[in-house]
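# Commentary on secondary and tertiary structure
Here is how the chains run, residue by residue.
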Amino acid sequence: AQSVAQPEDQVNVAEGNPLTVKCTYSVSGNPYLFWYVQYPNRGLQFLLKYITGDNLVKGSYGFEAEFNKSQTSFHLKKPSALVSDSALYFCAVRGRLGNTGKLIFGQGTTLQVKP
Amino acid sequence: GAVVSQHPSWVICKSGTSVKIECRSLDFQATTMFWYRQFPKQSLMLMATSNEGSKATYEQGVEKDKFLINHASLTLSTLTVTSAHPEDSSFYICSAPSTGNTGELFFGEGSRLTVL
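Residues numbered from 1 in each chain as written. Chains lettered and ligands numbered in written order. Predicted model: local features only at pLDDT ≥ 70, side-chain atom pairs only at ≥ 80, totals over all residues. Heavy atoms only, no water.

This paragraph deals with the overall build of chain A. A count of helices and strands for chain A gives zero helices and twelve strands. Taken from N to C terminus, the helices and strands of chain A fall in the order β-β-β-β-β-β-β-β-β-β-β-β. Against the globule reference of 13 Å for 115 residues, chain A gives a C-alpha radius of gyration of 14 Å, in line with a compact fold. Taking the principal axes of the C-alpha coordinates as reference, chain A spans close to 45 × 30 × 20 Å. Across the 115 residues that make up chain A, the buried fraction comes to 45%. Across chain A, every contact between residues at least 6 apart in sequence was considered, and the portion connecting residues at least 24 apart equals 57%. Of the roughly 5,500 Å² of accessible surface on chain A, a fraction of 49% belongs to carbon and sulfur atoms. (Helix = DSSP H or I, 4+ residues; strand = E, 2+ residues; numbered from the N terminus. Rg over C-alpha atoms; globule rule 2.2 N^0.38 Å. Buried < 20%, exposed > 50% of the residue type's maximum accessible area, 1.4 Å probe, protein only. Contact = heavy atoms within 4.5 Å. Areas by Shrake-Rupley, 256 points an atom, 1.4 Å probe, with all protein chains shown as cover.)

Listed below in structure tokens is the structure:
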């Protein structure tokens, strides 16, 4: 079965500091991996995805994520956090096998960036 | 990027009434759409997969008679919460996959349902 784990309910970081939001996954075969951000009472906005190719993926708003197959991780990173980055972040996975289009989401991590 | 529109964005109804939520793909066709439910400060729970021209596929534990899904055209899927009760109050979000089939989903803005 596919699953995604985000071990941290909340991450606190000072503005200007680097941030990392962790994600590990379990899926049969090679995965499609995604990061989404959600602001209060809004839908999800796509940040970035890993399909194939370079393990370091760059996405929207200066975010990037590194696919690590041996550690089955896909941590989200940003070199310098902004207060406006404060939001709820979701990691998601989709297996390549049994292509149904469904994404399985992690529990979500609240990012709090303080001035 | 592709846009998914969801309506209404919020709705308040009395217990026992039915509420319909619409999800439209505005600039692309979607043979499949996904309906998620989100509780406060929690993750998204996939409720069902909406299939154009055929029956929806429901996830385990989701009552198909309670949450009616219709996908009548390539750009519209609807979720009807029938005989709503306070425990149905939640944030409902629809999504549609990208046409490139790389797994990326485009999400609607969500619909906040409050049942009194």
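It is worth spelling out the layout of surface pockets at this point. Taken as a whole, the largest pocket holds about 490 Å³ of empty space. Lining the largest pocket are 19 residues, with Gln38(A), Leu88(A), Pro40(B), Lys41(B) and Gln42(B) positioned closest to its centre. A class-by-class count of the residues in the lining of the largest pocket yields seven nonpolar, nine polar and three charged. (1 Å grid on protein atoms, 1.4 Å probe; cavity = no way out; pocket = protein on both sides within 12 Å on 5 of 7 lines; lining within 4 Å. Points joined across faces, edges and corners; volume = space filled by probe spheres on them. Nonpolar A, V, L, I, M, F, W, Y, C, P; charged D, E, K, R; others polar.)

All names here are of chain B. A contiguous nonpolar patch, built from Trp10, Ile12 and Leu116 and spanning about 390 Å² of accessible area, is present on the exposed surface. Its place among the elements puts Trp10 in strand S2 (residues 10–13). Judged by relative accessible area, Trp10 falls into the exposed class, the value being 59%. (Patch = residues over 30% accessible without salt bridge, like charges linked within 9 Å, V, L, I, M, F, W, Y side chains within 5 Å. Salt bridge = Lys/Arg side-chain N within 4 Å of Asp/Glu carboxyl O.)

Listed as interface residues are 22 residues of chain A and, on the opposing side, 20 residues of chain B. Each partner contributes to the roughly 1,700 Å² buried at the junction of chain A and chain B, and carbon and sulfur atoms together form 49% of this total. Among the residues of chain A in contact with chain B, Leu44(A), Lys102(A) and Phe105(A) are the three that bury the most area, contributing 25% of the side total. In this structure, the connection of chain A to chain B is made through two salt bridges. Taking the shortest distance from any N to any O, the salt bridge between Arg42(A) and Glu109(B) comes out at 2.3 Å. (Buried area = accessible area lost by both parts, 1.4 Å probe.)

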